[in-house]
Amino acid sequence: MNRSLHRWFGLIAAALLTVLALSGALLSIFPAAEALTMPAAQRVSVAELAARVRAAEPTVEQIRRAPSGQITAYYYEGDQPASAVIDSATGMPVGSGETSALERWLINLHRSLFLDDTGRLIAAGGAATMLALAISGLFLTARRAGGWRFVLKSVRGTGDGRLHAVVSRLALPGLFLSALTALWMTAAVFGVLPEGAGAPAFPADVSGNTGVALTSVPLFRETPVDDLLSLNFPATGDATDVFTLKTARGEAYIDQGSGALLAWSDAGWVDTVTRLITMLHTGHGLAWLGLILGFSALAVPVLGWTGLWVWLRGRRDPKLASAAASEADTILLVGSESGTTWGFANTLQTALSAQGVRVYVGPMSKFEPGRWLKARRVILFAATYGDGTAPASAKGFIERFGGAHASAGLPLAVLGFGDRSFPAFCGFAAEVARIAKDKGWASLIPFDTVDRQSPQDFARWGRRLAETLGLDFELNHQPTVPKTWRLPLISRRDYGASIQATTAILRFALPKTSLWQRLAGKAFPRFEAGDLVGIVPQGSDLPRFYSLASGLKDGFLEICVREQVGGLCSSQLIALKPGDTIAAFVRPNPSFRPARGGKPVILIGAGAGIGPLAGFARRNRAGRAMHLYFGTRHPTSDAFYAEELSHWKKDGRLTSVSTAFSRTASPAYVQDILRKDAERIGKLIAAGGQVLICGSRDMAAAVAAVLADILATQGFNLTRLKADGRYAEDVY
């Protein structure tokens, strides 16, 4: 995963990062030049400095001190504004205070690519990419070195690959710091960060006098120049104006007639941190650090070129070709029903081939050990279809495998693919692993599973395999996304904005399909509440899944989504407006829905988990006993489906509705109301009731603990309910 992220981030952003890096490297020269030419610092007070500057420039309007210590005065020459660098010892100008045309040009290029706010966002995207590259590069460096303890040992390899590794090690700390500080500064510019303390309220009453001696103002005398940020002088001729003093400690208004302190506001932590971040990023005040960051930035084009060359060379490597079964040293057999497991097999084959391993890939139905003349290991990818059934491409495998003798010196690994929501999760793969053990096959690595095509599960298994084989590879699988449909948003209901936990009920129109599409089986698939909709967000090929709150017969597709901090898909969904569309597909989830028959159903959920439970209630027109237990934050901000729940209770679709609110005067969670209603729940389960739970994993675990206690009094347990198909979870 890290390798793929590192590679693709680098390829996509190479040109942008090169522009930002080179302009940043050039900008790092200016703080160093400023430090070399700056007048010697003087230990004086703001009062002394202000008096000297005003004596030299009577029209002075502002004195500003940069983090480097450079003092600049802003004044008028005739009717034209001017500025000058000031010698604090004399108050006299010693050079122009204007930023050079070259520096301004480089700053505009580096900050915004000459595109104003749009360019700032693009540059921020470049910084985010650089941060991702730095982090993924750090992990790759540690993995290649054999662990974090050896991250500083000498680099192995030759040519461009070694150059890439060496340069990245030297530049990585600087690039990481530059990217992180750039993102903070962008957040500050766009107001994303918490607000700072700001200026105090402007005084309502002033003396109305003018002309106080600057050296007699107490606060000016007490404040050393080293603490100064800026001093603004009152406007000429305006007796109601005041001095404005900004220091590292805070901001003050001072009467221009009496010198009295009129108002003061302490500096906030955001202001302090932002000043530090700016200094770290620009080098102003830390010229030596600026030069280090500049040299680090020069590494970006080198890393871009060497990384691209190494990748292209890998793409052309003939070792990636598949081997024949008789020539392969690794046999990879696949059992798949829908075809998705073949994608994982291809990912493994590519990774192993890149390491010089000759791999044969075939279906499990082609289990023919007699053909594996040079094989050194066997790997089985076994998907489970339905409730523990072998997939079509593994037809007859169990019989042949069970009847074959274990091949001496040929270790075997079994990786199961399935859906944990099914009672017999990876049942077929587990059966294969059991037979292998009984028949005496040596174990290459222990039996493991991949839940719902999880790239993370697959990568974890791959790391164990790589370690066992003594190879260096990372399995970064990108699942093939099924055919998607464009679904337009037709309505939305928003909740939780007042408590910064925005949740929305989004309703989408179904795509129009022709008679021919329906006859050809190419129409939008059938779905029910509790099934999953896969949504492919912009900027990612990996779909995110949401539980459906509606069925095809309802005539719309509905989901309940809570915006997650940093969540790519949820943020895009929350930002949708009616008429906007999403790319989506439907995936069945048959184990999570009310069972057929008339037995009671206990619906338990929290937060956005109300979605499928509301869908079950909506379709319960027959009035089957259905009890809802639902937990959320507050009845005013998070009253999801409030009107519908009230209506469904009146018309009999919901037998009862019990709610818990965690942000009220008497906070409670859904497990609390379950515990209070233990007697009724016990009776419902004893009567054959089914339990369906939707929400976060933490909530589901807390609910399971309470239900286990309730079931114990009835002679039941969760394991038995799950085995009977009477307890199902849809958690995230």
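Above: the structure in question.
All figures in this text were calculated on a predicted structure; none of them were measured in a lab.

1. So, helix 17 (residues 642-650)
Along helix 17, the residues classified as buried are Glu 644, Leu 645 and Trp 648. For helix 17, the buried positions fall inside an angular range of 100° around the axis, keeping them on one side. With respect to the buried face of helix 17, the exposed residues turned more than 90 degrees away are Glu 643 and Lys 650. Contacts from the buried residues of helix 17 go to strand 14 (485-495), helix 16 (610-618) and strand 21 (626-632). Immediately beyond the C-terminal end of helix 17, within one or two residues, lies Gly 652, with a positive phi of roughly 95°.

2. A closer look at the sheet that holds strand 23 (residues 690-695)
In space, the five strands of this open sheet follow the order 22-21-20-23-24, with parallel pairing throughout. Two strands bound the open sheet, and with one partner strand each, they are strand 22 (656-661) and strand 24 (727-731). Strand after strand, the sheet turns through a mean of 10° between neighbouring axes, direction not considered. Examined bridge by bridge, strand 20 (residues 601-606) and strand 21 share six bridges and lie parallel to one another. From the neighbouring strand, Gly 605 faces strand 21, where its bridge partner is Phe 630. Sheet strands touched by helix 20 (residues 697-712): strand 20, strand 23 and strand 24. Its angle to strand 23, the strand with the most contacts, is close to 150°.

3. Points about the packing of helix 19 (residues 678-686) against helix 20
A packed helix pair is summarised by two numbers, namely the angle formed by the two axes and the spacing between the axes. Running from amino to carboxyl end, helix 19 crosses helix 20 at an angle of 70°, the nearest separation of the two axes being 9 Å. It follows that helix 19 is roughly perpendicular to helix 20 by the angle criterion. With respect to the hand of their crossing, helix 19 and helix 20 are arranged in right-handed fashion. Listed contacts from helix 20 to Ala 678, Ile 681, Gly 682 and Ile 685 of helix 19 are Leu 707, Ile 710 and Leu 711. Looking at the contact of helix 19 with helix 20, its residues break down into six nonpolar, one polar and no charged.

4. Quick notes on the nonpolar core
One finds Trp 372, Phe 397 and Phe 401 to be the most contacted residues of the largest nonpolar core, which totals 29 residues. Elements that contribute at least two residues to this core include exactly strand 9 (330-335), strand 11 (377-383), helix 11 (397-403), strand 12 (412-418) and helix 12 (427-439).

5. A short note on the pairing of strand 9
Of all six residues making up strand 9, six are buried, and the element is well covered by its neighbours. Here strand 9 shows a buried face lined by Thr 330, Leu 332 and Val 334 and a second buried face lined by Ile 331, Leu 333 and Gly 335. Pairing geometry for strand 9 and strand 10 (residues 359-363), over five bridges, is parallel. Bridge pairing in strand 10 links Val 334 to Pro 363. Pairing of strand 9 with strand 11, which is carried by six bridges, proceeds in the parallel orientation. Among the inter-strand pairings, Leu 332 is bridged to a residue of strand 11, identified as Ile 379.

6. Some details on the sheet that holds strand 2 (residues 71-77)
Strand order in the open sheet made by the eight strands is 4-3-2-1-5-6-7-8, with antiparallel pairing throughout. Only two strands of the sheet have a single neighbouring strand rather than two, namely strand 4 (93-96) and strand 8 (261-266). For this sheet, the mean inter-axis angle between neighbouring strands, taken without regard to orientation, is 20°. As paired elements, strand 5 (residues 228-232) and strand 6 (residues 242-247) share four bridges and run antiparallel to each other. Bridging from a neighbouring strand, Leu 228 pairs with Thr 247 of strand 6.

7. Regarding the packing of aromatic side chains
Per the counting criterion, the structure on display carries 22 aromatic pairs. Centroid distance Phe 233 to Phe 243: 5.8 Å. Interplanar angle 65°. Geometry classified as edge-to-face. Here Phe 233 is found in the loop between strand 5 and strand 6, whereas its partner Phe 243 is found in strand 6, with ten residues between them in sequence. Judged by its relative accessible area of 7%, Phe 233 is buried.

8. Details of helix 19
Helical geometry: 3.6 residues make up each α-helical turn, so side chains three or four residues apart lie on a common side. Every buried residue of helix 19 is accounted for by Ile 681, Gly 682, Leu 684 and Ile 685. Taken down its axis, helix 19 places every buried residue within 165° of arc, on the same side. Of the residues in helix 19, the exposed ones pointing more than 90 degrees away from the buried face are Glu 679 and Lys 683.

9. Thoughts on the pattern of salt bridges
Going through the model one piece at a time under the given rule, you end up with 22 salt bridges. Put simply, Asp 226 and Arg 65 hold a salt bridge, and the shortest N to O gap is 3.7 Å. Placement of the pair is Asp 226 in the loop between helix 7 (218-222) and strand 5 and Arg 65 in strand 1 (residues 62-65), with a sequence separation of 161 residues. Note on Asp 226: relative accessible area 45%, which makes it partly exposed. Linking Asp 672 and Arg 675 is a salt bridge whose minimum nitrogen-to-oxygen distance equals 3.4 Å. With Asp 672 and Arg 675 both in helix 18 (residues 670-676) and three residues apart, this pair spans about one turn of that helix. Accessibility expressed as a relative area gives 48% for Arg 675, which makes it partly exposed. Connected through shared salt-bridge partners, Asp 448, Asp 457, Arg 460 and Arg 464 make up one network.

Quick notes on the rules
Starting afresh in each chain, residues are numbered from 1 along the sequence in its written order. Where local features are concerned, this predicted model is filtered to residues with pLDDT of at least 70; where side-chain atom pairs are given and counted, the filter is 80 or more; whole-chain, interface and lining totals use all residues. Water and hydrogen atoms were dropped before computing side-chain values, which therefore reflect all heavy atoms in the structure. The buried label applies to any residue whose accessible area, calculated with a 1.4 Å probe on protein chains only, is under 20% of its type's maximum; exposed applies above 50%, and partly exposed to all values in between. Numbering of helices and strands starts at the N terminus; helices are DSSP runs of H or I of at least 4 residues and strands are runs of E of at least 2. Directions from the helix axis toward the C-beta atoms define the arc. Residues are treated as being in contact if the distance between any of their heavy atoms lies within 4.5 Å. Following DSSP output, two strands are said to pair if at least two bridges run between them. Every axis in this analysis is a line fitted to C-alpha atoms, fitted for helices over the stretch in contact. Angles between the N-to-C directions lie between 0 and 180 degrees. Angle categories: roughly parallel below 35 degrees, roughly antiparallel above 145, roughly perpendicular from 65 to 115, and oblique for all the rest. Crossings are assigned a handedness: left-handed for a near helix turned anticlockwise from the far helix by less than a right angle, right-handed for a clockwise turn. Residues are grouped as follows: Ala, Val, Leu, Ile, Met, Phe, Trp, Tyr, Cys and Pro are nonpolar; Asp, Glu, Lys and Arg are charged; every other residue, Gly included, is polar. Residues belong to one nonpolar core when they are buried, are Ala, Val, Leu, Ile, Met, Phe, Trp, Tyr or Cys, and are joined through side-chain atoms within 4.5 Å. Only Phe, Tyr and Trp rings take part, Trp by its six-membered ring, and two of them pair if their centres are within 6.5 Å. Stacked means planes under 30 degrees apart, edge-to-face means over 60, and tilted covers everything else. Here, a salt bridge means any Lys or Arg side-chain nitrogen found within 4 Å of an Asp or Glu carboxyl oxygen.

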